Amino acid sequence: MSKVLVSDPIDQAGIDILSQVATVDVNTGLKPAELIEIIGQYDALMIRSGTRVTQEIIEAGTQLKIIGRAGVGVDNVDVPAATRRGIVVVNSPEGNTIAAAEHALAMMLSLSRHIPDANASVKRGEWDRKTFVGAEVYKKTLGVVGLGKIGSHVATVAKAMGMKLLAYDPFISTERAEQLGCQLVDLDLLMQQSDYITLHIPKTPETTHIINATTLAKMKPTARIINCARGGIIDEAALAAAVKEGKIAGAALDVFESEPLGESDLRAIGKDIILTPHLGASTTEAQVNVAIDVAEQIRDVLLGLPARSAVNIPGLGPDVLEELKPYMQLAETLGKLVGQLAGGRVELLTVRLQGELATNKSQPLVIASLKGLLHQALRERVNYVNANIEAKERGIRVIETRDASARDYAGSLRLEATGTLGTHSVTGALLGDKEIHLTDVDGFPINVPPSKYMLFTLHRDMPGIIGKLGSLLGSFNVNIASMQVGRKIVRGDAVMALSIDDPLPDGILAEITKVPGIRDAYTVTL
Ligand SMILES: NC(=O)c1ccc[n+]([C@@H]2O[C@H](COP(=O)([O-])OP(=O)(O)OC[C@H]3O[C@@H](n4cnc5c(N)ncnc54)[C@H](O)[C@@H]3O)[C@@H](O)[C@H]2O)c1
Ligand SMILES: O=C(O)CC[C@@H](O)C(=O)O
């Protein structure tokens, strides 16, 4: 019989499901060394946010087939390390949506009416009705940052309470925002005009400290901000200072840069700051939902069936998977690339299957392309199961075309993305030992294997330009691993593809486009 280790508190409903197919050991609060010591005996590991599943733990888990995260965020799991070892990582993308949305709404109302401090005062024996005069949310403006699953539910309920809604989400269509009664605006306008601001975005390099001293300074002095998404999206020191100095009226936080919250200025501020210990998902209903959702997937994988919400491996039958896996990786890589070249909001994705791929099962490749395209916006929340639905909700139209006569490579895939900032295309193929190669960017032929960090330029093919770019990158201490130019005619337009060892430092893109002859530059992380 298989063995499952449950290393965080999980609802009994999940344990009952696991017990149908496995021996279940519940052992919570383990130190990393203790987990490393015992993980080798287990086929599956089920966690919440408490257990940090590092590469070391994954390597010690020699029998592990699946890691199940009872919740949304898999930021406590080293997913690339699990993928390398062929371990499926599953989550529950929707099980706690309502719980988190209701917590944000509860925070907004509690802040407005000083409920935590009023309650504490009555319990101390006082009867103070002056200190706790509040504000109504009716007819006030709520700015929703991130109009995904949780943000959408918050918006729907806030609308019913008579609030006016603004939203900032660069990956959501105007139509989707309008359906929810939200006016889509940029972040600056949202910060300036909202009476309440609520954050529902993932923590990514782009969203880390997206709310900082500069953005907070744009808020009205009467405005309040709520973060039930992820710690680190708000710069906590800047927030504490803004509330203390009366630059904004208040804040409510469920999540922190470091959890549990240690020494912090936030604790010292009275009724204008409300703090809860990452309780967004802590409702009986959500814990039953996520436990069942993830336990069912662990059960299925242990029985040799596909998982429905795999973060790293598609929920397809093993035979189809084996055959298509290299092409799905190609499609996902091209999706990530074209999404970042297009920037902004993509409205149309054209997937063209060429050569022998034209006769293949196309649906998984279209899904993998969409998963790659949406990765920038959704990170681990997009998977092979929800990519289609997420794309539809964002108003992304998908067109699929086939060209069996294309003969440049045995089989190749071309993605073209049209968005608010223009159209870009990329083509790729599997060469040699099924190695992914980019064979075309924006109609310019190249032949480069993709790397984690890349820089693309669109420039005029003229003497000296490569040297100038090389020196500029050198002056920013950027090391070039490889470089290739693709052109159609001599001294015409050209594309340069550079693989670089590290992410480009801030500000360098603007410098690159100042080099005479370079029209555009795009940085990409794959
Ligand atoms: N407090 C809790 O216990 C708790 C519980 C559940 C989820 N969460 C967190 O809540 C957040 C939202 O979860 P969800 O399920 O709604 O996710 P989701 O993926 O459905 O929605 C996230 C939205 O953020 C948008 N987005 C991405 N990058 C952005 C950017 N740079 N600027 C503006 N918008 C951007 C995406 O387009 C997407 O619409 C996540 O961070 C999740 O981890 C917290
Ligand atoms: O496990 C929890 O309680 C937190 C869950 C939440 O942050 C999530 O990402 O789903």
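Residues numbered from 1 in each chain as written. Chains lettered and ligands numbered in written order. Predicted model: local features only at pLDDT ≥ 70, side-chain atom pairs only at ≥ 80, totals over all residues. Heavy atoms only, no water.

A. Geometry of the packing of aromatic side chains. On inspection of all chains with the given rule, the structure shows zero aromatic pairs. The aromatic ring of tyrosine 42 is capped on one face by lysine 3, whose charged end is 5.0 Å from the ring centroid. (Phe/Tyr/Trp six-rings, centres within 6.5 Å; stacked < 30°, edge-to-face > 60°. Lys NZ or Arg CZ within 6 Å of the ring centre and 35° of its normal.)

B. Here's a closer look at the domain arrangement of the protein. Per the domain assignment, the segments of the protein are domain 1 (2-95 + 285-303), domain 2 (133-270), domain 3 (315-450) and domain 4 (453-525). Here domain 2 and domain 4 have C-alpha centroids that lie 37 Å from each other. (Domains from an automatic or database assignment.)

C. Geometry of the site of ligand 2. Taken together, Arg48, Ser49, Arg69, Gly71, Val72, Gly73, Asn96, Arg230, His278 and Ala281 make up the full set of residues adjacent to ligand 2. A distance of 2.8 Å separates an oxygen atom of ligand 2 from a polar side-chain atom of asparagine 96. One nitrogen or oxygen atom from the side chain of histidine 278 is found 2.7 Å from an oxygen atom belonging to ligand 2. The residue makeup of the shell around ligand 2, split by class, is two nonpolar, five polar and three charged. (Near = heavy atom within 4 Å. Polar contact = N/O pair within 3.5 Å; in protein donor to acceptor, adjacent residues only side chain to side chain. Nonpolar A, V, L, I, M, F, W, Y, C, P; charged D, E, K, R; others polar.)

D. Region of the structure containing helix α14 (residues 363-378). Glycine 372 marks the point of greatest bend in α14, at about 30 degrees. Summarising burial for α14: 13 of the 16 residues are buried, a large majority. Phi turns positive one or two residues past the end of α14, at arginine 379, with a value near 50 degrees. (Bend = angle between axes of the 7 residues up to and from the residue. Helix = DSSP H or I, 4+ residues; strand = E, 2+ residues; numbered from the N terminus. Buried < 20%, exposed > 50% of the residue type's maximum accessible area, 1.4 Å probe, protein only.)

E. Inspection of the site of ligand 1 at higher detail. With respect to spatial proximity, 27 residues lie near ligand 1, and among them Lys149, Ile150, Asp169, Ile201 and Arg394 are the closest. At 3.2 Å from an oxygen atom of ligand 1 is found a main-chain nitrogen or oxygen belonging to alanine 281. Arginine 394 has a polar side-chain atom sitting 2.6 Å from an oxygen atom of ligand 1. Notes on ligand 1: free accessible area 870 Å², of which the protein chains cover 97%. Of all the elements in the fold, those that place two or more residues in the shell around ligand 1 are α7 (149-160) and α14. Grouping the constituent residues of the shell around ligand 1 by class yields 14 nonpolar, seven polar and six charged. Both domain 2 (133-270) and domain 3 (315-450) contribute no fewer than three residues apiece to the shell around ligand 1. (Areas by Shrake-Rupley, 256 points an atom, 1.4 Å probe, with all protein chains shown as cover.)

F. Focus on the nonpolar core. In this structure, Leu349, Leu413 and Phe456 are the most contacted members of the largest nonpolar core, which totals 48 residues. Considering each element in turn, this core owes the most residues, 10 residues, to helix α13 (residues 318-342). Here this core gathers at least three residues from each of two domains, domain 3 (315-450) and domain 4 (453-525). Excluding residues within four positions of it along the chain, phenylalanine 456 makes contact with Leu337, Leu341, Leu438, Val441, Met496, Ala497, Asp520, Ala521, Tyr522 and Val524. Listed in part, the 31 residues of the second largest apolar core include Met219, Ile233, Leu266 and Ile269. (Core = buried A, V, L, I, M, F, W, Y, C linked by side-chain atoms within 4.5 Å. Contact = heavy atoms within 4.5 Å.)

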